[in-house]
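# What the coordinates show
Listed below are the residues making up each chain.
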Amino acid sequence: MGKKGKKEKKGRGAEKTAAKMEKKVSKRSRKEEEDLEALIAHFQTLDAKKTQIVETPCSPPSPRLNASLSAHPEKDELILFGGEYFNGQKTFLYNELYIYNIRKDTWTKVEIPNPPPRRCAHQAVVVPQGGGQLWIFGGEFASPDGEQFYHYKDLWVLHLATRTWEQVRSPGGPSGRSGHRMVAWKRQLILFGGFHESTRDYIYYNDVYAFDLDTFTWSKLSPSGTGPTPRSGCQMSVTPQGSIVIYGGYSKQRIKKDVDKGTQHSDMFLLKSEEGREGRWVWTRINPSGTKPTPRSGFSVAMAPNSQTLLFGGVCDEEEEESLEGDFLNDLYFYDATKNRWFAGQLKVESGSRVVAMVHRAPDRQLNTAPGSCLHRGPSQRRGSGGGAQKQSQREPTSRSVGRPVPRRPERWSERWSQRTEQWSPLSRCSQPQAHQNSHSRMRTIAQRKQVAPWWSPAPAPMPCWP
């Protein structure tokens, strides 16, 4: 048997193993999810009592993690949906919708009838069709003790012009999952990866699905070439050339009974649609030049108008069999897909004044991000079964490529970039960004989880109570 035959046989074997594991996880998690369905149904009954659209100016949302924050396609607004909060004793899940007006620096809570069930660690994508639509897929619901999880596989759309929610029921879509990634590509939504976890088992995914925004149908893609291994919490973004980039992420595997080993991925792949062959895709591994991010997962990703990808924060775990330490990061990187090159970001500070600009470490290049782009999406921690302390990265930027000393980062970094004035302006309600990480795995005990107020709120607000 030649090398090609061995590779194909190995690939089929891996697919069979993954299918068996998914079946095993699905069977064991079914009982857990049945227990949680009653609680989800209770909350939906409460939501059904809301029959009118109510918009209420409000103070910043209460602390939460694993919510989605999306830019309105036509207005200077950010849309926050869902999330979770752990107060040391109970886990709270949300399906609240907030609108942040960037120019006015104001928040509005928008109550709309028939919203999606409460969830966190979902994916939200905004498209311009029909006056703007916010598409949401998947995510999870947790029991009050944070020990059981229900993974959604439903698809919802919020029509921004009419302020109405709609559940789109279409067969053949992805299985229930969290920590996946989703982007808008032409008139489709492309979804990759994620994980599903029960009390005893878990599975990570590297499958790819496409949802057609015209026909409202799902299709599973089967790209040729060697693609990423299963993972969650990775980067997924669209390049100016129309390809899709996958970078980094996290996964774990069981090496022996009750012992799991995590993997922090730092590889990068390009998913490209083959020209003239509709529905045919190909994976290509790429190796960008420049100053690459250190290995991490769960970071924030945003697109700048110059088609560069901004990567902020994340977490890198240092694991041993009996301990786990998380290095939480708050640094910034740019990826230029045209040059296939990474740039490390740094603050440009004038002596005796506040931050006025942000540049990456290449001469005479200045950040030109969208008005009000939110580089920090709020701090979050992971739930889990492992132990270990948390520590924050204190990395400082270097000055090798700009040719001058770089002052230490200011104590308060609470500003927003303005494309119009090309400078940073302070926000009235925010504190220094904390080291950031998004939901992609559960490796810590509940007792070790800490909840930090998000970037827009200096202090926790009163929390709702479970019924």
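This text goes with the structure placed above it.
I will try to describe carefully the structure that is included in this document. Computed from a prediction, not measured in an experiment: that's the story for all the values here.

## Regarding the pairing of strand 20 (residues 268-273)
As defined by bridge partners, strand 17 (residues 244-247) adjoins strand 20 across four bridges and the pair is classed as antiparallel. Following the sheet pairing, Ile-244 is matched in strand 20 by Leu-271. The sheet contact formed by strand 20 and strand 21 (residues 281-286) spans six bridges and is antiparallel. Across the sheet, Leu-270 pairs through a bridge with Thr-284, a residue of strand 21.

## So, the pattern of salt bridges
Summed over the entire model, instances satisfying the criterion amount to 14 salt bridges. Connected through shared salt-bridge partners, Asp-47, Lys-50 and Glu-111 make up one network.

## Thoughts on the sheet that holds strand 2 (residues 68-71)
Read across the open sheet, the five strands follow the order 1-5-4-3-2; overall the sheet is antiparallel. Both edges of this open sheet fall to strand 1 (54-58) and strand 2, since each of them pairs with a single strand only. With strand direction ignored, the average angle separating the axes of adjacent strands in the sheet is 25 degrees. Bridge analysis of strand 3 (residues 77-86) against strand 4 (residues 91-101) gives nine bridges, and the strand direction is antiparallel. Looking at strand 4, one finds that Glu-84 is bridged to Leu-93.

## With respect to the environment of Val-168
By secondary structure assignment, the location of Val-168 is in the loop between strand 11 (164-167) and strand 12 (181-185). A relative accessible area of 8% means that Val-168 is categorised as buried. Distance from Val-168 to Asp-154, taken between C-alpha atoms, is 7.8 Å for residues 14 residues apart in sequence. When sequence neighbours within four positions are dropped, the list of residues in contact with Val-168 reads Trp-135, Leu-155, Val-157, Phe-211 and Phe-216.

## Digging into the packing of aromatic side chains
According to the stated counting rule, one finds 21 aromatic pairs in the structure shown. Through successive ring pairs, a cluster of aromatic residues spans Trp-135, Phe-137, Tyr-209, Phe-211, Phe-216 and Trp-218. A cation sits over an aromatic face here: Arg-119 above Tyr-152, 4.0 Å from the ring centre. The ring centre of Tyr-202 lies 4.6 Å from the NZ or CZ of Lys-252, which sits over that ring.

Conventions we followed
- Residues numbered from 1 in each chain as written.
- Predicted model: local features only at pLDDT ≥ 70, side-chain atom pairs only at ≥ 80, totals over all residues.
- Heavy atoms only, no water.
- Pairing = 2+ DSSP bridges.
- Helix = DSSP H or I, 4+ residues; strand = E, 2+ residues; numbered from the N terminus.
- Salt bridge = Lys/Arg side-chain N within 4 Å of Asp/Glu carboxyl O.
- Axes fitted to C-alpha atoms, helices over the stretch in contact; angles between N-to-C directions.
- Buried < 20%, exposed > 50% of the residue type's maximum accessible area, 1.4 Å probe, protein only.
- Contact = heavy atoms within 4.5 Å.
- Phe/Tyr/Trp six-rings, centres within 6.5 Å; stacked < 30°, edge-to-face > 60°.
- Lys NZ or Arg CZ within 6 Å of the ring centre and 35° of its normal.

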